[in-house]
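# Report on the structure
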Amino acid sequence: MSGKRILVVEDEQAIREMIGFALRREGYHFIEAGSVAEAEDAIAEQVPDLMLVDWMLPGTSGVEFVRHTKRDELTQDVPVIMLTARTEEDDKIVGLDAGADDYVSKPFSPRELIARIRAVLRRIGSADGQLLEVGGLAMDVDSHRVTYGDSNLDLGPTEYRLLQFFMSHVDRVYSRTQLLDHVWGRSAFVEERTVDVHVLRLRKALAPYGCDKLVQTVRGAGYRFSV
Ligand code: CA
């Protein structure tokens with residue numbers, strides 16, 4: 001089976017065990033951490049393929065930890081799913097804004113969790129070797145590199161996939177629902193507002209090169225990528 005390494009950062013042992021059981025059954029390597037400090041040790045040993053991070057951790061919170069890993073060159077491309085007991089919309093936005101790729105609300109079923117993990121890993125691995133060029137931006141899908149002139153752009157994994165989709169589908173208008181289907185995958189349980197958050201982040205990353213204008217809001221319809 002996949003053999004992907006999944007680091008689970010969760011202080012509640014019972015939940016860790018439940019997740020560990022579900023992961024192992026699916027053929028994943030389960031690495032557990034009861035705190036941020038333990039997680040950092042595990043990462044130093046080997047960078048995982050994906051992290052499940054609980055929002056509520058003693059000491060450093062899960063959100064702070066995610067923010068930190070997304071700033072660190074070593075871990076910035078590791079996809080993160082946040083586990084949260086919080087259902088407030090603002091909290092979800094904070095989590096996604098910190099760099100999480102998805103979130104699962106507690107209580108969740110092992111089946112739902114596995115579905116999310118699969119969806120996120122599928123999105124990350126969807127490179128098929130090509131060079132895309134639009135409006136001075138160049139994307140090498142093989143090396144996961146986005147450049148403008150001599151500059152390398154620093155994009156989060158979701159922003160990268162969003163840009164890849166846009167650059168492969170220039171001049172067409174896509175609704176938020178269509179973008180969710182194409183970029184996040186049909187089995188991802190995310191809300192339309194998520195699209196806006198990541199579009200905002202993508203524009204921010206493109207702005208220093210004047211390329212933010214390429215991502216156009218089409219009122220009442222969605223988004224279009226166009227020169
Ligand atoms: Ca907790």
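Overview of the structure. Source: prediction; values computed, not measured. (Residues numbered from 1 in each chain as written. Predicted model: local features only at pLDDT ≥ 70, side-chain atom pairs only at ≥ 80, totals over all residues. Heavy atoms only, no water.)

## Some details on the coordination of the calcium ion
Only Asp11 (OD), Asp54 (OD) and Met56 (O) from the protein coordinate the calcium ion, and they sit 2.1 to 2.3 Å from it. For Asp11, a relative accessible area of 32% corresponds to the partly exposed category. (Donors = N, O, S within 2.8 Å, 3.2 Å for Na, K, Ca; no water. Buried < 20%, exposed > 50% of the residue type's maximum accessible area, 1.4 Å probe, protein only.)

## Structural notes on the environment of Gly34
Position of Gly34 among the secondary structure elements: in the loop between strand E2 (29–33) and helix H2 (36–45). Placed 18 residues apart in sequence, Gly34 and Arg16 show a C-alpha to C-alpha distance of 8.3 Å. Leaving out residues up to four positions away in the same chain, Gly34 has contacts with Glu10, Asp11 and Arg16. (Helix = DSSP H or I, 4+ residues; strand = E, 2+ residues; numbered from the N terminus. Contact = heavy atoms within 4.5 Å.)

## Notes on the environment of Leu162
Note on placement: Leu162 falls in helix H6 (residues 157–168). The exposure class of Leu162 is buried, given its relative accessible area of 0%. Sequence-wise, Leu162 and Ala98 are 64 residues apart; in three dimensions their C-alpha atoms are separated by 17 Å.

## As for the pairing of E2
As judged from the five bridges shared by strand E1 (residues 5–9) and E2, these two strands associate in the parallel manner. Considered in E2, the bridge of Val9 is made with Ala33. With helix H1 (residues 13–25) bridging E1 and the parallel E2, this β-α-β connection has right-handed handedness. (Pairing = 2+ DSSP bridges. Right-handed = clockwise from strand over helix to strand, strands pointing away.)

## Focus: H2
Taken as a whole, H2 has its buried residues at Val36, Ala39, Ala42 and Ile43. The buried residues of H2 occupy an angular sector of 115 degrees when projected down its axis, which confines them to one face. Exposed and facing more than 90 degrees away from the buried side of H2 are Asp41, Ala44 and Glu45. (Arc of directions from axis to C-beta.)

## Side note on a negative patch on the surface
On the surface, Glu38, Glu40, Asp41 and Glu45 cluster together to form a negatively charged patch. Position of Asp41 among the secondary structure elements: in helix H2. (Patch = residues over 30% accessible without salt bridge, like charges linked within 9 Å, V, L, I, M, F, W, Y side chains within 5 Å. Areas by Shrake-Rupley, 256 points an atom, 1.4 Å probe, with all protein chains shown as cover. Salt bridge = Lys/Arg side-chain N within 4 Å of Asp/Glu carboxyl O. Lys, Arg positive; Asp, Glu negative; His and termini not counted. Charge placed at Lys NZ, Arg CZ, Asp CG, Glu CD.)

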